[in-house]
Amino acid sequence: MCRGALFVAVRGAHADGHDHAEKAVKAGATAILGDREGIKELHGVPYVRFATPRRAAGIIAHALSGNPTRDMTVIGITGTNGKSSTAYLTQAVLQQAGHPTANFGTLGYEIAGAMHNAPHTTPFGEELALLFMQARDAGHTHVVMEVSSHALDQDRVAGIHFTAGAFTNLSQDHLDYHQDMEHYLRAKLRFFELVEGAGCFTVVNADDPVAPHFVDASRGRCITFGNAGDCRAAHIRPEVASTRFTLHTPWGSTPVTLRLAGRHNVWNALCAAAITGGLGIPLDAIAEGLGALTRVPGRFEAVDAGQDFHVIVDYAHTEDGLRNVLEAARALCRGRIITVFGCGGDRDKGKRPKMGATAARLSDFCVVTSDNPRTEDPHRILLDIEVGLQREGKRKNEDYLVIESREEAIRAAIGMARAGDLVMIAGKGHETYQIAGDQRIPFDDREAARAILTERR
């Protein structure tokens, strides 16, 4: 800590920053910011009270960085699924239109073509302020970023001036943190409260059941997308490596060739079209930009080693996400769908049987395996998933296998695949590790699948 620093004492789930205030002062802090009442001085330095210290810290950090977002167009995207793909599509359109665009999200923080590791989907306020300053200094005029529910609940995006905010969808996830869907929804809605001011607007998935809440929360112009939205898709024609459709918008209609497979990606493209159209990007540039993106890492990503069946890796780790990718797979597959999946430990346990049931209904065969067990017993997680499979009438060793080792599970699925089949490896997508206990073990579904396919040849 540098001398003259402000120490922000935040109360966390397991610790209180106030317990470390004395150490911070000895290290050079000249003031403390916290939420305790009745304190004017602590450990010999001034104590500043603010009801929400994280929010104050974000505002201060952005101010010290010169409030870079006031000189940029910032687009935030929130929702359970589709944030990363929508952000990549939005970035592709903006860059096609000549706007240098940074991208902050689950896959990393991209500035001037360089990718930095992302410990969080949405960084904390002080880190975000630095990233925005770096993006501005690198010549970026636009930034597209994913906004997680954790970040909203923890005031990580305080101090950012958003030009546009988009909502993709809402389905069960993170209930280990938010407790129930009402609190989860409330956290997401907080984002739209931050999108206000001249020229600001929101984008909402009109097909989602909670869409009216987001439309009502919009403080300015609201553009919708989906079957009943302002931006719609017609004549959707799915193909193995692309999807063709006609894009209808308030600014006109145009054919689009999306080089991403799956109907769910059409909806991600509609969201990106609504965002960029709202920013005034011409329709031809929107269509060209949507068609320019060839892949999103770990999102319906094909692994091809010359085999006569498909292998797809996807990040789907919720019931809704798994349903989307399996429905997309069914439209492309003339053979069987063999699904490899698991659920993370120390996370929302309620979605495990639901994901099991979804996989059972939409797959011909399942291989249940470990995801990131963290500190939980992997066998307990697998049993929770099995409940959903068995409720759908599936029988162990006949309709599904349970193989704890993820590598061996992928090997088994690929080993039983025949010409025309599709192996869906879901849950980890772009991740290059597994978390077991307190260890982060190198493991990449794509690399594992490719190695196994090469062995098979």
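Shown above is the structure to which this text applies.
Residues numbered from 1 in each chain as written. Predicted model: local features only at pLDDT ≥ 70, side-chain atom pairs only at ≥ 80, totals over all residues. Heavy atoms only, no water.

Observations regarding the sheet that holds strand 3 (residues 41-42)
Across the sheet, four strands lie side by side as 1-2-4-3; this open sheet has mixed pairing. The open sheet has two free edges, formed respectively by strand 1 (6-8) and strand 3, since each of these has just one partner strand. Pairing analysis gives two bridges linking strand 3 to strand 4 (residues 45-49), with the strands arranged antiparallel. By the bridge assignment, leucine 42 is partnered in strand 4 with valine 45. (Pairing = 2+ DSSP bridges. Helix = DSSP H or I, 4+ residues; strand = E, 2+ residues; numbered from the N terminus.)

Some details on helix 3 (residues 83-96)
For helix 3, with 14 residues, the first-to-last C-alpha span of 20 Å sits near the 20 Å given by 1.5 Å per residue. For helix 3, a buried count of 12 out of 14 residues is recorded, marking the element as mostly surrounded by other parts of the structure. The complete set of buried residues in helix 3 reads Lys83, Ser84, Ser85, Thr86, Ala87, Tyr88, Leu89, Thr90, Gln91, Ala92, Val93 and Leu94. Among the residues trailing helix 3, glycine 98 stands out with phi positive, at a value near 90 degrees. (Expected span 1.5 Å × (residues − 1). Buried < 20%, exposed > 50% of the residue type's maximum accessible area, 1.4 Å probe, protein only.)

What to know about the packing of aromatic side chains
In this structure the tally under the stated criterion is six aromatic pairs. Among the aromatic residues, ring-to-ring pairing joins Phe162, Phe167, Phe191, Phe192 and Phe214 into one connected group. Over the face of the ring belonging to phenylalanine 124 we find arginine 156, whose NZ or CZ atom lies 4.1 Å from the ring centre. (Phe/Tyr/Trp six-rings, centres within 6.5 Å; stacked < 30°, edge-to-face > 60°. Lys NZ or Arg CZ within 6 Å of the ring centre and 35° of its normal.)

Comments concerning helix 13 (residues 378-391)
Taking 1.5 Å of rise per residue, 14 residues should cover 20 Å, and helix 13 covers 21 Å from first to last C-alpha, within 8% of that figure. Every buried residue of helix 13 is listed here: Pro378, Ile381, Leu382, Asp384, Ile385, Glu386, Gly388 and Leu389. Packing partners of the buried residues in helix 13 comprise strand 18 (337-341), helix 12 (351-362), strand 19 (365-368) and strand 20 (400-402). Between a side-chain oxygen at the N-terminus of helix 13 and the backbone nitrogen of histidine 379 the separation is 3.0 Å; the capping residue is aspartate 377. Backbone geometry just downstream of helix 13 places glycine 393 in the positive-phi region, at approximately 85 degrees. (Contact = heavy atoms within 4.5 Å. Polar contact = N/O pair within 3.5 Å; in protein donor to acceptor, adjacent residues only side chain to side chain.)

Digging into the nonpolar core
Counting residues in hydrophobic clusters, the biggest one holds 40 residues, and the most contacted among them are Leu89, Val203, Phe245, Leu247, Leu270 and Leu290. If one sorts the elements of this core by residue count, helix 9 (residues 263-278) sits on top with nine residues. Setting aside its immediate chain neighbours within four residues, valine 203 contacts Gly165, Ala166, Phe167, Phe192, Ile223, Phe225, Cys271, Ala274 and Ile275. If you look at the next biggest cluster of nonpolar residues, it comprises 31 residues, including Met72, Leu131, Ile160 and Ala217. (Core = buried A, V, L, I, M, F, W, Y, C linked by side-chain atoms within 4.5 Å.)

Here's the deal with the sheet that holds strand 15 (residues 252-258)
Pairing is antiparallel in the open sheet, where three strands are placed in the order 13-14-15. The sheet is open, and its two edges are formed by strand 13 (232-238) and strand 15, each paired on a single side. The average undirected angle you get between the axes of adjacent strands in this sheet is 15 degrees. Taken together, the seven bridges between strand 14 (residues 243-249) and strand 15 define a ladder with antiparallel strand orientation. In the strand pairing of strand 15, threonine 243 is matched with leucine 258. Sitting on the sheet, helix 10 (residues 283-292) touches strand 14 and strand 15, and the angle it makes with strand 15 is about 15 degrees. (Axes fitted to C-alpha atoms, helices over the stretch in contact; angles between N-to-C directions.)

Focus: the packing of helix 11 (residues 319-332) against helix 12
One can describe the packing of helix 11 onto helix 12 by two numbers: an axis separation of 9 Å at closest approach and a directional angle of 10 degrees. Regarding the angle of helix 11 to helix 12, the classification is roughly parallel. Residue-level contacts link Glu319, Leu322, Arg323, Leu326, Glu327 and Arg330 of helix 11 to Lys354, Met355, Thr358, Ala359, Arg361 and Leu362 of helix 12. Along the lines of polarity and charge, the residues of the contact of helix 11 with helix 12 split into five nonpolar, one polar and six charged. (Parallel < 35°, antiparallel > 145°, perpendicular 65-115°, else oblique. Nonpolar A, V, L, I, M, F, W, Y, C, P; charged D, E, K, R; others polar.)

Side note on the packing of helix 12 against helix 13
At a minimum axis distance of 7 Å, the contact between helix 12 and helix 13 shows a crossing angle of 45 degrees. The angle between helix 12 and helix 13 places the two elements in the oblique class. As helix 12 packs across helix 13, the resulting crossing turns out to be right-handed. Of the residues in helix 13, those in contact with Arg352, Pro353, Gly356, Ala357 and Ala360 of helix 12 are Ile381, Asp384, Ile385, Val387, Gly388, Leu389 and Arg391. Looking at the contact of helix 12 with helix 13 residue by residue, the classes come out as seven nonpolar, two polar and three charged. (Left-handed = near helix turned anticlockwise from the far one by under 90°.)

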